[in-house]
Amino acid sequence: DLMKIVVRNFSKVVNVVEVFVEQYLRENFKDISKKTLSHLLKMSSGQYIPVLRVLREHLHTEGGVTDVVHAILSHAEVVRCLVGEVQLYNEVFLLLLKQFNQSDQDHLELVMSLNNALRQDNGEIDPANRTLSNVFCDKKLLDDVRDTDIARALSEVQGISVFLMIEYVYWCHNAKRRSRVLRKIPEVCTALSLCRVPRVFTERFLFPELLQSLPQSVVSDGDTAVIVGSETLTWRQLVTAEQCYKFVNPYRHCNRQNSECGFMLKVAPVSREETGKFNIELTTDEKDYPADLHCHRDVISSANTHLVIEWEYKGKWSNTCISWKGRPEYNPQSGQTEWDGLWCDDQQVRFVVYFDLTASQPLSYDLGSSKQDVNDGKPSS
């Protein structure tokens, strides 16, 4: 019993320290001394995600490789933590590239050192395969969050995007909650400099009326590619077969004879013996590619990609909003593979991928409240 008390209180202390370090860094990032930063990193005791979140926010809003940025990303343990967080690494690395100044030697060395850290064969991350993490979010992380705290909670979701926030609206348990999330989307977008979503994305929902109060400041008709997978399959085929799926990129001119530009998604099926095995990865491994397709790594990456699984219902393809349903698992009691209550049967589905065609600049958003709340409605099951 004494050990349980010690463990419980220790975890509380660790949480308090993490909150303090993150808040102090956020408020003093520009002026903090290297000595103070060193003390904060020691206090973190290996829990560097809060530090990296503040770093990402700084690169979004302020930019530039300051002494503090350089000190954080020169810390071996911090870099090791960053490399282990694929989505966070991609976001930080892309921000550094967007602001790249070739004449700045410190900036150049920092980019090269991060790239080398990623390429090290240390078993923590495989640069040839990138999990599309938007598919495996867990809405239960947000279900217990108070409505007044939903903006903060959404901004802390790993790899959050406008796509993910809109899909979360679909699973909100009541109209008040949906209305609150919709009103807060521009606030989160402004804080994290998120890019807008294409209008077509907002139209491909089974109950589009749930989004009638979506602020139009987060919607664009601009440079976002929408690529539909080359084949239709069933839920059962999707979760039980190991397979690579082909996507041809019509937005990219190909200069290779008898070949197309595109990419492959690699699916690892559900295992009956072991949980958590199902996965969907963007692969750039040449052995996974047919002779008539090649990938441009500078065009497509997991950092600028949002994967949607659509299903056919009454002759119309609709977004299943599966991003917030975790991973499918085999249920020995029912003998079925289920995706958070959804039976993976013979209903027709297909992959759709959205990704940025340009290196989008931070955008400003209208932070005014929506004029009306969304109507109550029930999501599909």
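Residues numbered from 1 in each chain as written. Predicted model: local features only at pLDDT ≥ 70, side-chain atom pairs only at ≥ 80, totals over all residues. Heavy atoms only, no water.

1. Regarding the sheet that holds strand E13 (residues 336-339)
Part 1 of the reasoning: Taking strand neighbours across the sheet as the criterion, the three strands line up as E12-E13-E14 in an open arrangement whose pairing is antiparallel. Each of the sheet's edge strands pairs with one partner strand only, and the pair in question is strand E12 (329-331) and strand E14 (342-343).
Part 2 of the reasoning: In terms of strand pairing, E13 meets E14 through two bridges, oriented antiparallel. The residue bridging Glu 338 from the neighbouring strand is Trp 343, located in E14. (Pairing = 2+ DSSP bridges. Helix = DSSP H or I, 4+ residues; strand = E, 2+ residues; numbered from the N terminus.)

2. Concerning the environment of Glu 242
Part 1 of the reasoning: With respect to the helices and strands, the residue Glu 242 is situated in the loop between helix H13 (235-240) and strand E6 (243-248).
Part 2 of the reasoning: The exposed category is assigned to Glu 242, whose relative accessible area is 61%.
Part 3 of the reasoning: In this structure, the C-alpha to C-alpha distance between Glu 242 and Val 270, residues 28 residues apart in sequence, is 9.1 Å.
Part 4 of the reasoning: Apart from residues lying up to four places away in sequence, Glu 242 is in contact with Lys 266, Val 267 and Pro 269. (Buried < 20%, exposed > 50% of the residue type's maximum accessible area, 1.4 Å probe, protein only. Contact = heavy atoms within 4.5 Å.)

3. Side note on the packing of aromatic side chains
Part 1 of the reasoning: What the rule picks out here adds up to 16 aromatic pairs.
Part 2 of the reasoning: Ring geometry for Tyr 170 against Trp 171: centres 5.4 Å apart, planes inclined by 85°, an arrangement best described as edge-to-face. Assigned by exposure class, Tyr 170 and Trp 171 land together as buried.
Part 3 of the reasoning: On the numbers, 6.1 Å between centres and 45° between planes, the contact of Tyr 170 with Phe 205 is tilted. Here Tyr 170 is found in helix H10 (residues 162-171), whereas its partner Phe 205 is found in the loop between helix H12 (199-203) and strand E3 (219-220), with 35 residues between them in sequence.
Part 4 of the reasoning: Taking relative accessible area as the criterion, Phe 205 reaches 1% and is therefore assigned buried.
Part 5 of the reasoning: Through successive ring pairs, a cluster of aromatic residues spans Phe 163, Tyr 170, Trp 171, Phe 201, Phe 205 and Tyr 354.
Part 6 of the reasoning: The ring of Trp 171 carries Lys 325 above its face, with NZ or CZ at 4.4 Å from the centroid.
Part 7 of the reasoning: The ring of Phe 136 has Arg 327 sitting right over it, with the charged end atom 4.0 Å from the ring centre. (Phe/Tyr/Trp six-rings, centres within 6.5 Å; stacked < 30°, edge-to-face > 60°. Lys NZ or Arg CZ within 6 Å of the ring centre and 35° of its normal.)

4. What about the nonpolar core?
Part 1 of the reasoning: Judged by nonpolar contacts, the single largest core of 40 residues is most densely connected at Leu 154, Val 162, Met 165, Ile 166 and Ile 185.
Part 2 of the reasoning: Among the elements of the structure, helix H9 (150-155), H10, helix H11 (175-192) and strand E15 (348-356) are those that each provide at least two residues to this core.
Part 3 of the reasoning: With nine residues, the top contributor of residues to this core is H10.
Part 4 of the reasoning: Each residue touching Met 165, except ones within four places of it in the same chain, is listed here: Leu 154, Ile 160, Val 181, Ile 185, Val 188, Cys 189 and Leu 194.
Part 5 of the reasoning: Judged by nonpolar contacts, the second largest core, of 33 residues, contains Ala 225, Phe 247, Ile 280 and Leu 293. (Core = buried A, V, L, I, M, F, W, Y, C linked by side-chain atoms within 4.5 Å.)

5. Comments concerning H10
Part 1 of the reasoning: For H10, the tally of buried residues reaches ten of ten residues, placing the bulk of the element in the interior.
Part 2 of the reasoning: Those residues of H10 lying buried are Val 162, Phe 163, Leu 164, Met 165, Ile 166, Glu 167, Tyr 168, Val 169, Tyr 170 and Trp 171.

6. Describing helix H3 (residues 49-61)
Part 1 of the reasoning: The end-to-end C-alpha distance of H3, which contains 13 residues, comes to 18 Å, matching closely the 18 Å that a straight helix rising 1.5 Å per residue would cover.
Part 2 of the reasoning: Most of H3 is tucked away: eleven of the 13 residues are buried.
Part 3 of the reasoning: Within the sequence span of H3, burial applies to Pro 50, Val 51, Leu 52, Arg 53, Val 54, Leu 55, Arg 56, Glu 57, His 58, Leu 59 and His 60.
Part 4 of the reasoning: Among the residues trailing H3, Gly 63 stands out with phi positive, at a value near 75°. (Expected span 1.5 Å × (residues − 1).)

7. Digging into the confidence of the model for the protein chain
Part 1 of the reasoning: For the protein chain, mean pLDDT is 77; residues scoring 70 or higher make up 78% of the total.
Part 2 of the reasoning: Within the protein chain, no element has a lower average pLDDT than strand E1 (residues 129-131), which sits at 62, and none a higher one than strand E5 (residues 233-234), at 93.
Part 3 of the reasoning: A low-confidence stretch, residues 1-14 (pLDDT under 50), is modelled with one contact involving residues beyond four sequence positions or located in other chains.
Part 4 of the reasoning: A low-confidence stretch, residues 358-381 (pLDDT under 50), is modelled with 60 contacts involving residues beyond four sequence positions or located in other chains. (pLDDT = per-residue confidence, 0-100.)

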